[in-house]
Amino acid sequence: MSELSTKYTPADIEDKWYAHWDKSGYFHNEPDDREPFSIVIPPPNVTGVLHMGHMLNNTIQDALTRKARLEGKNAIWIPGTDHASIATEAKVVRMLRERGIKKSDLTRDEFMAYAWEWKEKYGGIILQQLRKLGSSCDWERTAFTMDKGYSEDVIRTFVDLYNKGKLYRDYRMVNWDCEAKTVLSNEEVIHGEEQAALFHVKYFLEDENSPTGQGAEGVVIATQRPETIMADSAVAVHPKDPRYAHLAGKKVIVPLVNRAIPIIFDDYVDIDFGTGALKVTPAHDPNDYELGKKHGLEIIDLLNEDGTLNEKCGIASLVSVDRFDARRHMKKLLADAGNLVEIKDYKTSIGRSERTNTVVEPRMSLQWYVDMKALAAPALAAVETNDIDFYPKSFKNIYRSWMAEIRDWCISRQLWWGHRIPAYYYAPPAPEGGVAAVETFVAQTAEEALVLAQAKYPSVMAADLRQDEDVLDTWASSWLWPISTLNGFKNSEEFNYYYPTSVLVTGWDIIFLWVARMAMAGFEWKQERPFKAVYFTGMVRDKQRRKMSKSLGNSPDALKLIEDFGADGVRFGMLASSPAGGDLLFDEKLLEQGRNFCNKLWNALRLIKGWEVTETTQSDTERVAAAWFESKSNTVLAEIEENFTQFRLSEALMSLYNFIWDDFCSWYLEMIKPEYGKPIDRETLEITERILRKLMAMLHPFMPFITEEIWQQLDGKNTEGSDLCVGSYPKQTTIDAALVAKVEAAKDIISKIREVRNSKGLKPREPLVVKFQGSETVKSLMDRDGVKSLITKLGVLESFEMTDTDVENAVSFVSGTDKFFVVLNQTIDIEAEREKMTKELQHQQDFLKSVNAKLSNERFVANAKPEILANEQKKQADALARIAILEESLAKL
RNA sequence: GGUCUGUUAGCUCAGUUGGUUUAGAGCACCUGCCUUACAAGCAGGGGGUCGUAGGUUCGAAUCCUACACGGACCACCA
C-alpha cells in the first residue's frame, strides 16, 4: 500500500527538520509590534553535559516557546552558558593534575590560558545536545557569563553596589572549602546527617604544686573535632550548673600541649548536652568565636587553607597532616596521655561543599559581602503580591522565610576563573611610628581606579595599586542573566521590548542561589521584576527516589535515550511524568510510551495516505463523525489552554494524547475508514487530513519533529514558509454539545455490544442483529441517521432496528435508559444472564438509595443550587427507569 | 527547634472557590485477538470504605481540629 515503513524511525527526520528550522531563522526574532514572549535559559555550566534535569527543564521551555510562536507571538528563547567559577576551575585543576601540572606552579595568566583552552574545547557541547532535543533557542543570542560585555556588566554592578554603600569587606568566620581553597556562601554548603564520633576528653585542673602542673581533678568535655583541641582558649560551663560552680577562677590544662586556659561561665552552654562542659575554640567554630570575643579569649588558628594542621597546633607529628588524619592520630595521643574518657557514636549534621563535596571548615578570613536587607525588600514584596507568580505556589513560603531573614552574601572567592574583583588597594607611606590603613578604590578599570586614588594621593602611580586577587561568586554574575543577555545595561531596544521575561523555568534547588537573587538584581538596577512567573520543575530521581548521580550510576545517558526513543519520545516521557514542584521519578517506561505514541501517529498517517480517492459524495456516517470530532476538539483546545496558563503541561499533553489515541485513532478513523480495498470520498479525506494537521499543530509544542514531518507529508507541497514550526495554532470554534452527547451515547452502545461479543466469544467481524426498545431518548439519538449508522458500522451489525416486543434468544443490556437486545444464534445461559442482571440491579438500587437520601432531605432541597437539584432529580429518574427495565427483564427470564 | 508540605487503585499521580450518574488517568495486571494503519497494536475487564479519629455542613477526597506516618526547607548542634 504505502511506501512508508510500519515503524517510525526518528533519527533522520529529527536531524533534517532541526537543520531546516535553524537555517530558516525561525528561532530568531527582533522587536516588532507583535506581543513579545521571552524566556532566558537557566544557563548550564559551560563545560557540562546534558543530564536528565536539563532534559526536563528545556523540554518545558521549548514547549512554552513553541506554543507562543505558533500563537503568533514574537517569541525568543535565549540560550547560553555559565562560566561556573568553582565547578569549572575544579575541572581544570583536575585536568592539569592529570598532566602533571600543579596550579600552584602556574601564574594567574598561565592558568587562565589553560582554562580558556578548556572552555573552548568543551564549552558548547551542551548547546549542541540541546539542539538534539529540539530546543528552539534563538542561537544568535547565545550568551556566556564571561563574554566581554557581560563581564563589564558584572564589574559595573559591583562598582555600583560599592558606591551605594551596599558592599563591604569584613574579617569573619566563613565556610571554607579546603579542596578548592576558597570561601563558600551559606547557600553552597549542603548539610546532611552523618555518622561521627563524639570524643569525651578530660581536661585536668591546673595545679601549680604538682610536678606535672596538673591535678587529679578535671572537667570532661565532648567534642566531635578533637584535632582542634590544641587551639582551645577556654572551657565554658553554665553559670547555674552546680557541678561546676566550685571551679570559678580555676584553670584547666589543654591536653597534649599543656597550656593553661580559663574556665569561663556563660549561659550559652546547654547544661543538658553531654557533660555540660564545652571546649571553646574561637578560630574554628562560629559560636566559639562569639564566646571568644565576649570573654576576650585568644584566637589560635591551627588550620592551613588546604585543611592540614600548621605549626600552631604545637605537636610536631601533626604539622602538615590533614585534619581527618590528625583526628585519627588524636585518638591514640589522647589515650596515651590519659585524657581520653570514651568515644561515643554520634549522628550529626555535617556541611559539605556543593562542588567538591569536601567537609567545610569554619575559618576566619577577610571577604567581600553584599548588604542584602535593602536588596531583598522589593524582591520579596513582588512575590508576596504575585507580581512574580510562583508555580507551584507553595514555594512562596520557602522564598519568604529565606528572604525575611536574609543574611549578607559573601561574594569573593579565592579562585582565578571568574570576574576579578575590581577593588584596588593602596598602602600609603606609614606615618611616623604608626601603621597606615590600606586604602580601597573600586572602579570599572584600573585606569579609573588610579584616577580615584590620585584624587586623594596625587603621587600614586599605577604600579602602586594592587588589584584584589579574588574573583566573584558565579551567582554574582548569573543574577544579571535576564538583564545582561538582553543588553539591559545599555538600555537596548530589545531589553525594553522583551523585559520582563515571560516565565523562568528552573529547578527549585536554586531558588535562593539564583531565582531570588535575579529578582533582587532586577529591582536594584531596573526597578522591575525580571520575570512574570517562575515555574519550578521537579527534581529528577530514579524509581527508588534516589537522586540521579554519577557515583550511583543511576543517571541515564541523555543522548542514548534520544537515540533509543527519539527526541519526541523522550520529550513526551519527561513532560508526561509529573507536574511542577515535587520529585519526578524517572521511568524509561514513559519514554517508551512516547515512542509508541509516535508510532501510533505514524500509522495514522500511513492509513490516511494509503487511501484511494473517489468522487462520490460523503455519507451521513462520515459527516456526523467529522462534525462530532471537530466539535470535541474545541473542548480539548479549551482544556489545553487552561492547563497551559497554569503550567500544567503534563495534563495538557495527556488530554491531547488521549484525544488523539482514543477519539481520533480508535473512534474517528474507525468511523470513516472505508472497507478494505475500497476508496474514500474526497471530502472526507480532505476533512480528515485537515483534522490530522490540526492535531499536529496542537501537539507540535510537545513533540516538534514528528508533527512537522506528518504536517509536511500531508501537505505534500513543501513550499517555503509553510512549515508547521512557524504555522498557526488552531482557534476554538463553537461546540455542538447535543451532537457530542449523541455520539458519546452511541459510543457507549457500541462498547456494550463489543462487551457482549467478548463475553460470548463471538468473532469481532461476525455481523450481529441488535434490536432496541425505544424511549424518547433513543429516538432522539437516532434522529441523525449518521449516529445510527455509526452504531451499525462500528458495532459490526447486520441490522439495528427498533422493536416493541421483547426478543427471544437474545442477550440484553441497558445503555442510558434504553434496553438493547443482541440476538444470538446460540442458547442463552439464563442463569448467567440472571446473575449479571441481578448484580446490575443491585448497583442501580444502591445508587438510587444515595440519590433518594439527598432528595428526601428537606434541607437539601431547600439549600442546594437549582442545577444541582435538577441533576439529582434526573439521576433519580434515570435510575428508576433503569431499575424498571432490569426488573422487567429479570421477571421474564 | 521553627516553618512548610504530603498521605487517593499494585506503582506514579490528577481531582482547579464542597454537589456533575455512589472517585479519574497513565503504567502494571487479567481475558480474548497476529481482524489488511499500527503486537511499539486491537477489543474488553478487574481493582480504591480517598492515612486514622472527631467536627462544620442539607452535602466532605475537598473546609476545621487532633493524632499517626512520610518528605522538604531554614536555623542550631560540644
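From a predicted model like this one, the values you see are computed outputs, not experimental measurements.

The rules we used
Counting of residues starts from 1 at the beginning of each chain's written sequence and follows it residue by residue. For this description, chains carry letters from A and ligands carry numbers from 1, given in the order in which they are written. With pLDDT at 70 or above as the cut-off, local features in this predicted model cover only qualifying residues; side-chain atom pairs require 80 or more to be listed or tallied, and sums for whole chains, interfaces and linings still use all residues. Water and hydrogen atoms were dropped before computing side-chain values, which therefore reflect all heavy atoms in the structure. Residue-level confidence of the predictor, termed pLDDT, takes values from 0 up to 100. For two strands to be treated as a pair, DSSP must find no fewer than two bridges joining them. Under the DSSP-based scheme used, a helix requires at least four consecutive residues in state H or I and a strand at least two consecutive residues in state E, with every element numbered from the N terminus. Lines fitted to the C-alpha atoms define the axes, with helices restricted to the stretch that makes contact. Angles between their N-to-C directions range from 0 to 180 degrees. Each angle gets one of four labels, with under 35 degrees taken as roughly parallel, over 145 as roughly antiparallel, 65 to 115 as roughly perpendicular, and the rest as oblique. Take the far helix as the reference: if the near one is turned anticlockwise from it by less than a right angle, the crossing is left-handed, and if turned clockwise, right-handed. Here, two residues are considered to be in contact whenever any of their heavy atoms come within 4.5 Å of each other. Polarity classes work like this: nonpolar for Ala, Val, Leu, Ile, Met, Phe, Trp, Tyr, Cys and Pro, charged for Asp, Glu, Lys and Arg, and polar for all others, with Gly in that last group. Put simply, a residue is near a molecule or strand once any heavy atom of it comes within 4 Å of that molecule or strand. N or O atoms closer than or at 3.5 Å make up a polar contact, with two conditions inside protein: a donor-capable atom paired with an acceptor-capable one, and, for residues adjacent in sequence, both atoms drawn from side chains. Salt bridges are defined as contacts in which a side-chain nitrogen from Lys or Arg sits within 4 Å of a carboxyl oxygen from Asp or Glu. By nonpolar core we mean a set of buried residues, namely Ala, Val, Leu, Ile, Met, Phe, Trp, Tyr and Cys, connected to one another through side-chain atoms within 4.5 Å. Relative accessibility under 20% of the residue-type maximum defines a buried residue, over 50% an exposed one, and the middle range a partly exposed one, all with a 1.4 Å probe and only protein chains included.

K.L.:
Now, about the confidence of the model for chain A: what can you tell me, with residues and values included?
P.N.:
Of the residues in chain A, 98% have a pLDDT of 70 or more, and the chain-wide mean is 92. Across the predicted assembly, pTM comes out at 0.95 and ipTM at 0.96.

K.L.:
Requested: an account of the sheet that holds strand S23 (residues 533-537), with residues and values cited.
P.N.:
Taken together, the three strands give an open sheet; going across it, the order is S15-S23-S22, and neighbouring strands pair in parallel fashion. At either margin of the open sheet sits one strand with a lone partner, and together these are strand S15 (389-391) and strand S22 (504-507). Strand-to-strand, the axes of this sheet are offset by a mean angle of 25°, without reference to chain direction. When S22 meets S23, the two strands line up parallel, connected through four bridges. Looking at the pairing, Leu504 lines up with Val534 of S23.

K.L.:
I'd like a rundown of the packing of helix H18 (residues 620-645) against helix H22 (residues 737-759), residues and numbers included.
P.N.:
At a minimum axis separation of 9 Å, H18 and H22 run at an interaxial angle of 115°. In terms of their interaxial angle, H18 and H22 are classed as roughly perpendicular. Here H18 and H22 pass one another in a crossing that is left-handed. On the side of H18, the interface is formed by Val624, Ala627, Trp628, Ser631 and Lys632, while H22 contributes Leu739, Val740, Val743, Glu744 and Lys747. Here the residues of the contact of H18 with H22 are counted per class, giving six nonpolar, one polar and three charged.

K.L.:
How would you explain the protein's contact with RNA strand B if you had to name every residue and give the values?
P.N.:
The environment of RNA strand B is made up of 65 residues, and the closest members are Ala222, Asn287, Arg648, Tyr676 and Asp878. Atoms of RNA strand B within 4 Å of the protein belong to the sugar or the phosphate in 58% of instances, the rest to bases. Contact between RNA strand B and Arg606: a sugar or linking oxygen at 2.6 Å from a side-chain N or O atom of the residue. Here a base oxygen of RNA strand B sits 3.3 Å away from a polar atom, N or O, in the main chain of Phe847. Among the elements that take part in the surface near RNA strand B, helix H17 (residues 588-609) stands out by supplying 10 residues, more than any other. A class-by-class count of the residues in the surface near RNA strand B yields 24 nonpolar, 19 polar and 22 charged.

K.L.:
I'd love a proper account of the pattern of salt bridges, names of residues and values included.
P.N.:
According to the stated counting rule, one finds 68 salt bridges in the structure shown. Two residues, Glu630 and Lys694, come together in a salt bridge whose shortest N-O distance is 3.3 Å. Here Glu630, found in helix H18, pairs with Lys694, found in helix H20 (residues 682-699); they are 64 residues apart in sequence, far enough to count as distant. Residues joined by salt bridges that share partners form a network here, namely Glu30, Asp138, Arg141 and Glu494.

K.L.:
Please give an account of the nonpolar core that cites residues and values.
P.N.:
Within the largest apolar cluster, 189 residues are counted, with the highest numbers of intra-cluster contacts made by Met520, Phe664 and Tyr668. Per-element tally for this core: the top contributor is helix H19 (residues 649-672), with 14 residues. Among the nonpolar cores identified, the runner-up in size contains 29 residues, and Leu205, Ile221, Val235 and Cys313 belong to it.

K.L.:
Describe the side chain of Glu439, naming the residues involved and giving the relevant values.
P.N.:
Take Glu439: it is sitting in strand S19 (residues 439-442). One polar contact links Glu439 to Lys456, side chain to side chain, over a distance of 2.9 Å. Look past the residues within four positions of Glu439 in its chain and what remains in contact with it is Tyr424, Tyr425, Tyr426, Pro428, Lys456 and Tyr457.

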